[in-house]
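What the coordinates show
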Amino acid sequence: MMRYSSGTVLLVILAACQVADNGTRGNPTTYGLGSPATAADIAALNTDVSPSGEGLPPGSGDATRGAALYASKCAACHGANGEGAPGAPPGPVLVGREPREGFPFGNDPKLVRTVGNYWPEATTLFDYIKRTMPLAAPGTLTDDEVYSLTAHLLVANELLPAGATLDSASLMAVKMPAKGRFVPDNRRGGAEVK
Amino acid sequence: MTPLQSLSGTITPADLHFERHHAGVPAIDPAAHRLVIHGLVDRPLTLTVDEIRRFPQVTRVHFVECSGNGRAAWLNPAPDMTPQRTDGMTSNSEWTGVPVATLFREAGAQRSATWFLAEGADACLMTRSIPMEKALDDALIVWAQNGEPLRPEQGFPLRLLLPGWEGNANVKWLRRLELGTQPWMTRWETSKYTDPLKDGTARIFSFVLDAKSIITSPSVPSRLTGHGWRGVSGVAWSGRGRITRVEVSADNGASWHDAELQGTPLPKAHTRFSMMWNWTGEQAVLLSRATDETGYVQPGRKALIDARGAGTDYHNNAVRGWRIEPDGAVFFHWET
C-alpha cells in the first residue's frame, strides 16, 4: 500500500483547486489571453530613451539649426531665450544656470528649475522633445530636428559650446550639473518625520 | 478639485474626483485601445480592453492624491481658502481592475526586471518609472470607478492604480508597460516630481504619501450660527496603510482629543473621523492630526520644514485647520 505524507496530500488538493473539472474552472498560471505583441507593434510605441542611451536614434543635428527651429516652434511658449512665457499655466522656463553654487533648491522655494540647473540627465531632454513637443503637434519632429533642438538648449544652458553638433555619442558625453544631486527616498513610515 | 467641504462619508462621486492632466484629456475609442506589455518578458503581449476585463478582477477602495496637494495653501495661504482649495486634490474611490502582477505573469515577466515604465496615450505620453516591488504588492490596472466605467478625465479606458502613491504615477489612458532594469528618468520623475532637501540633495522616486488629515466641517465657507454642541468631522488617509488614530484640537494644539474613526479604516483609503465639540463662543482654532499603522504622526509645519527645508512644497502633509472667530466666521489656519 502506498503511503503519502500529509504535505503530499495538501499539494494534491491545492493542485486540484488551481484547475478543476478537466481544466474548465480555476486559476491557471496563465490564461492565454491577448495576442503576441509583434516587433512592429512594439516599435510603433516604444520611442523612449533611457539614461543608458538605449533608444537614442541615429542621426545628428547642430545648435545653429536648433536655434532656428526653436524660434519657429518653441519660443511662443518658452520665450525667445528659454526664459518662459506668461500664461495659465505659464510656459516653462528652460534656460538658466543660477544658482551656480551648490544645489539650494531645498531652502528657497522661489528658485526656478531649469534644464541647466536641475535636470540630471541629458537623455531626458531628447526623450521629452521627441515624444511630446511641440505642444500642438507632438511627435512630428524628425530625429535630426530633435538633435538640433537638444543641442540648442544645451548651448543656451552653457553645457555645450556655441554652434555645437550633437549625435547619440556626444549627447551621452554631456555632463549635467545636477547629476549626483538626487537621492533615494529614505522615508519608511514610523515615528520620525523625514 | 474635490469639494471636500460638501461631502460626507468617504467615497468621492466620480464626477467630483479631482482632475490633473498634463496635456489634455484624450478621446479614446475603447474598442481600438490596446495595452502592450514588452521588454524583459518571455511573451510580449498586446491586450484589448475586453481581454483585460476577462482576467480575475478585484475591487478595492483607495484614495488618489496629487503630491502637489496642499502646495497652493503652503506657498500662498489665504484665510478664505476652502478644503477644496487647500486639499481638494485627494479623492477616494472604489476601483475595479486586475492586479498588474497577473498581467506580468501572463506575459512571463523575467526575474531580472526591477523597474517598469508606464506610458499613457495622452498628448504628452505621460511616462513614469515604477519599481517592480509595487507590481508584486498591490498595483492594479483599473477600468471602473465606483461601479461605473472610468471617466475620460480619470483615464478611460484603463489607468494604472498604485495605492498610496502620488497621483502622477497612477498613469491614465494606459497604453504600454515596458519592463527593464533601471528607471527611465523621464521629465516628470526628474524635473517635476522630486523633492529638494535642505542638505543640497533632492529625493527622487518619493512615491508614498505620508499620513494626513483635514477637518472638512466646520470649514470655509461655512459660518457657525449658534453656540453649543456640534460635530467636528473630516477625512484622514495614509499611503502606508490604515489610519489608526486621529486627534482633534480645539485650542490651536494646546490639547488634543481622540476623534472617533467611523467604520473600519481601510488601508490607503480615506477614513472619516468626527468629534463632538461644545463651542462656547470664544475664538478657537480647530486642528486635526492623523497617525497611521506604522506609528507615523502627521507633523506640524515647523517640524516638516526642519526635516526637509523651506523649499520643498510637494508631499506637504503638515497639520492644518480652521480659526473660528467669536462671530462664527471661519478662516483657514496653518499650525505653527
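Throughout this document, residue positions are counted from 1 along each chain, in the order its sequence is written. Whichever chain is written first becomes A and whichever ligand is written first becomes 1, with later ones labelled in order. This being a predicted model, a pLDDT of at least 70 is required before a residue's local features are given, and a value of 80 or more before pairs of side-chain atoms are given or counted; all residues contribute to the totals for chains, interfaces and linings.

Brief notes about the overall build of chain A
- Scanning chain A for helices and strands turns up 8 helices and 6 strands.
- When the helices and strands of chain A are listed from N to C terminus, the series reads α-β-β-β-α-β-α-α-α-α-α-β-α-β.
- Once C-beta atoms are placed from the backbone, any two residues with those atoms within 7 Å are in contact. A separation of at least 24 residues holds for 55% of the contacts in chain A among residues at least 6 apart in sequence. Secondary structure elements follow DSSP: runs of H or I no shorter than four residues count as helices, runs of E no shorter than two count as strands, and numbering proceeds from the N terminus.

Details of the domain arrangement of chain B
All names here are of chain B.
- Domain annotation of chain B identifies domain 1 (4-14 + 29-191) and domain 2 (212-334).
- With 28 residues of domain 1 at the contact, the number on the domain 2 side is 24 residues.
- Those elements that place two or more of their residues in the side of domain 1 that touches domain 2 are β3 (58-65), α2 (71-75), α3 (83-87) and β4 (90-99).
- No other element matches the 4 residues that α2 contributes to the side of domain 1 that touches domain 2.
- Residues are grouped as follows: nonpolar covers Ala, Val, Leu, Ile, Met, Phe, Trp, Tyr, Cys and Pro; charged covers Asp, Glu, Lys and Arg; every other residue, Gly included, is treated as polar. Split into classes, the residues belonging to the side of domain 1 that touches domain 2 amount to 13 nonpolar, 12 polar and 3 charged. The source of the domain bounds is an automatic or database domain assignment.

So, helix α6 (residues 122-132) of chain A
- Neighbour counting defines burial: a residue surrounded by 20 or more other C-beta atoms within 10 Å of its own C-beta is buried, one with 12 or fewer is exposed, and intermediate counts give partly exposed, using backbone-placed C-beta atoms. α6 of chain A sits mainly inside the fold: 11 of its 11 residues count as buried.
- Within the sequence span of α6 of chain A, burial applies to A122, T123, T124, L125, F126, D127, Y128, I129, K130, R131 and T132 of chain A.
- Next to the buried residues of α6 of chain A lie α5 (115-118), α7 (143-156) and α8 (168-172) of chain A together with α6 (187-192) of chain B.

What about the environment of A118 of chain B?
Residue and element names in this part refer to chain B.
- Positionally, A118 belongs in strand β5 (residues 115-120).
- Judged by C-beta crowding, with 25 C-beta atoms within 10 Å, A118 ranks as buried.
- Along the backbone, A118 and R176 are 58 residues apart, and their C-alpha atoms lie at a distance of 5.9 Å.
- Those residues in contact with A118, other than ones at most four positions away along the chain, are T127, R128, I130, L160, V171, L174 and L177.

Some remarks on the sheet that holds strand β18 (residues 271-279) of chain B
All names here are of chain B.
- Strands are treated as partners if at least two bridges between them are detected by DSSP. Taken in spatial order, the 4 strands make up an open sheet running β13-β14-β18-β17, and their pairing is antiparallel. Two strands bound the open sheet, and with one partner strand each, they are β13 (212-217) and β17 (260-261).
- In the sheet, β17 pairs with β18 via 2 bridges, with the strands oriented antiparallel. Bridging from a neighbouring strand, E260 pairs with S274 of β18.

Quick look at the sheet that holds strand β11 (residues 195-196) of chain B
- As summarised here, the arrangement of the 3 strands in space is β6(A)-β12(B)-β11(B), forming an open sheet in which the pairing is mixed. The open sheet has two edge strands with one neighbour each: β6 (182-184) of chain A together with β11 of chain B.
- Bridging between β6 of chain A and strand β12 (residues 202-204) of chain B involves 3 bridges; their strand directions are parallel. Counted as the bridge partner of F182 of chain A is A202 of chain B from β12 of chain B.

Considerations on the pairing of strand β7 (residues 140-145) of chain B
Residue and element names in this part refer to chain B.
- The buried fraction of β7 is high, at 5 of 6 residues.
- Of the pairings in the sheet, the one linking β4 to β7 comprises 5 bridges and is antiparallel in character. Bridging from a neighbouring strand, G97 pairs with V142 of β7.
- Pairing geometry for β7 and strand β9 (residues 159-161), over 3 bridges, is antiparallel.

Some words on the interface of chain A and chain B
- If you look at the interface, chain A gives 48 residues, while chain B gives 58 residues.
- The set of elements that each furnish at least two residues to the side of chain A that touches chain B consists of β3 (35-36), α2 (39-45), α6 and β6 of chain A.
- Here the element with the most residues in the side of chain A that touches chain B is α6 of chain A; it accounts for 5 residues.
- Grouping the constituent residues of the side of chain A that touches chain B by class yields 22 nonpolar, 15 polar and 11 charged.
- Sheet analysis places β3 of chain A next to strand β2 (residues 45-48) of chain B, joined by 2 bridges and oriented antiparallel. When the bridges of β2 of chain B are listed, P36 of chain A appears paired with L45 of chain B.

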